[in-house]
Amino acid sequence: MDPDAVAKAFVEHYYTTFDSNRGGLANLYQDGSMLTFEGQKIQGAQSIVAKLTSLPFQQCQHSITTVDCQPSGAGGMLVFVSGTLQLAGEQHALKFSQMFHLMPTQQGSFYVLNDIFRLNYT
Amino acid sequence: MDPDAVAKAFVEHYYTTFDSNRAGLANLYQDGSMLTFEGQKIQGAQSIVAKLTSLPFQQCQHSITTVDCQPSGAGGMLVFVSGTLQLTGEQHALKFSQMFHLMPTQQGSFYVLNDIFRLNYA
């Protein structure tokens, strides 16, 4: 399958899950996964999902502006995303950039090994 | 050496070289290196440096706002940068995000295997 199509499909799945069922993100991380969220470092699927489900907003909607991907070597894929994040009740959307390092699972899917998220302040 | 310190040192070296001697970046890429620059995909040190030295400005200055890093597996390091780029003669600086996947060289240094650059438009 075309890598760009794979990256796009993953990104859509990730943010749809984030926006509708944040607890469901647990399937996309494993024990060795790492998240750096606005400079805070978190390791392991459990801690990562605990962090994401405890973010101080109930509802949000991600809109994706750009998706770039490259093979990372050793079968992995790097995905670089920029977009906006609208929190329910807030007047202005936040801008963000995020990178994922995806590794293949034995079932033919991908999980997130590395995840770095930054808001882009104006 | 502390990975965060390594990442910071690399980032400073990269942007200092970019801003003062763009052709000198050739030492930081190899034949298998990949750059995606504003969506355009380029492969190999020679083509990458040709692209960067042909960008439509003579002088520029990068200012780094954030640097995040994580080990990528297989000895590599992912570095995620955000900052601003001031072109000489332009009134307003551009905002950008960039990610590097660094791999160790035999000499104990790093080269850029993956490089993705995006401007963050307001």
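A brief look at the structure comes next.

About the cut-offs
- Residues numbered from 1 in each chain as written.
- Chains lettered and ligands numbered in written order.
- Predicted model: local features only at pLDDT ≥ 70, side-chain atom pairs only at ≥ 80, totals over all residues.
- Heavy atoms only, no water.
- Pairing = 2+ DSSP bridges.
- Helix = DSSP H or I, 4+ residues; strand = E, 2+ residues; numbered from the N terminus.
- Axes fitted to C-alpha atoms, helices over the stretch in contact; angles between N-to-C directions.
- Contact = heavy atoms within 4.5 Å.
- Salt bridge = Lys/Arg side-chain N within 4 Å of Asp/Glu carboxyl O.
- Buried < 20%, exposed > 50% of the residue type's maximum accessible area, 1.4 Å probe, protein only.
- Buried area = accessible area lost by both parts, 1.4 Å probe.
- Polar contact = N/O pair within 3.5 Å; in protein donor to acceptor, adjacent residues only side chain to side chain.
- Nonpolar A, V, L, I, M, F, W, Y, C, P; charged D, E, K, R; others polar.
- Arc of directions from axis to C-beta.

1. Quick notes on the sheet that holds strand β2 (residues 40-43) of chain B
Residue and element names in this part refer to chain B.
- The strand order across the open sheet built from six strands is β2-β1-β6-β5-β4-β3, with neighbouring strands paired in mixed fashion. Two strands lie at the open edges of the sheet, namely β2 and β3 (60-73), each paired on one side alone. Each adjacent strand pair in this sheet contributes to an overall mean axis angle of 15 degrees, direction not counted.
- Strand direction decides the pairing type here: β3 and strand β4 (residues 76-87), joined by twelve bridges, are antiparallel. Opposite Gln61, over in β4, you have Gln86 as the bridge partner.
- Running at roughly 145 degrees to β3, helix α1 (residues 3-20) makes contact with β1 (29-37), β3, β4, β5 (94-104) and β6 (110-119) of the sheet.
- This element, helix α2 (residues 45-53), spans β1 and β2 of the sheet and lies at about 40 degrees to β1.

2. With respect to the pairing of strand β3 (residues 60-73) of chain A
All names here are of chain A.
- Of the strand pairs in this sheet, β3 and strand β4 (residues 76-87) are connected by twelve bridges, and their pairing is antiparallel. Directly across from Gln61, in β4, lies its bridge partner Gln86.
- Counting the residues in the hairpin turn of β3 and β4 gives two residues, including Ala74, whose phi is positive at 55 degrees.

3. A look at the pattern of salt bridges
- Overall, the coordinates contain four salt bridges over all chains when judged by the stated rule.
- The closest approach of N and O atoms between Arg118 of chain B and Asp68 of chain A, which form a salt bridge, is 2.7 Å. Taken together, the residues span two chains, with Arg118 of chain B in strand β6 and Asp68 of chain A in strand β3. Judged on exposure class, the residue Arg118 of chain B and its partner Asp68 of chain A are both buried.

4. Some details on the interface of chain B and chain A
- Taken together, the contact pairs 27 residues of chain B with 27 residues of chain A.
- Between chain B and chain A, the buried area comes to about 2300 Å², and carbon and sulfur atoms account for 59% of it.
- Applying the counting criterion to the chain B and chain A interface returns four salt bridges.
- One salt bridge connects Asp68 of chain B with Arg118 of chain A, and the closest N-O pair in it is separated by 2.7 Å.
- The interface formed by chain B and chain A contains 13 residue pairs in polar contact (both at pLDDT 80 or more).
- Among the elements of the structure, β1, β3, β4, β5 and β6 of chain B are those that each provide at least two residues to the side of chain B that touches chain A.
- The greatest single-element share of the side of chain B that touches chain A, amounting to six residues, is contributed by β3 of chain B.
- When its residues are assigned to classes, the side of chain B that touches chain A shows eleven nonpolar, ten polar and six charged.

5. A word on the side chain of Thr66 of chain B
- Examined against the element boundaries, Thr66 of chain B turns out to sit in strand β3.
- Of note is the side chain of Thr66 of chain B, whose polar atom sits 2.6 Å from the side chain of Ser82 of chain B.
- Other than its neighbours up to four places away in sequence, Thr66 of chain B contacts Arg118 of chain A together with Phe80, Val81 and Ser82 of chain B.

6. Observations regarding the environment of Leu52 of chain B
Residue and element names in this part refer to chain B.
- One can find Leu52 in helix α2.
- The spatial distance from the C-alpha of Leu52 to the C-alpha of Ile64 is 19 Å, given a sequence separation of twelve residues.
- Residues within four places of Leu52 in sequence aside, it is in contact with Tyr14, Phe18, Arg22, Leu25, Tyr29, Leu35 and Phe37.

7. Some points on α2 of chain B
Residues and elements named next belong to chain B.
- Along α2, the residues classified as buried are Ala45, Ile48, Val49 and Leu52. Summarising the axial view, the buried residues of α2 lie within an arc of 95 degrees, below the 170-degree limit, and thus occupy one face.
- Looking at the buried positions of α2, the neighbouring elements they touch are α1, β1 and β2.

Shape descriptors only; they carry no functional weight alone.
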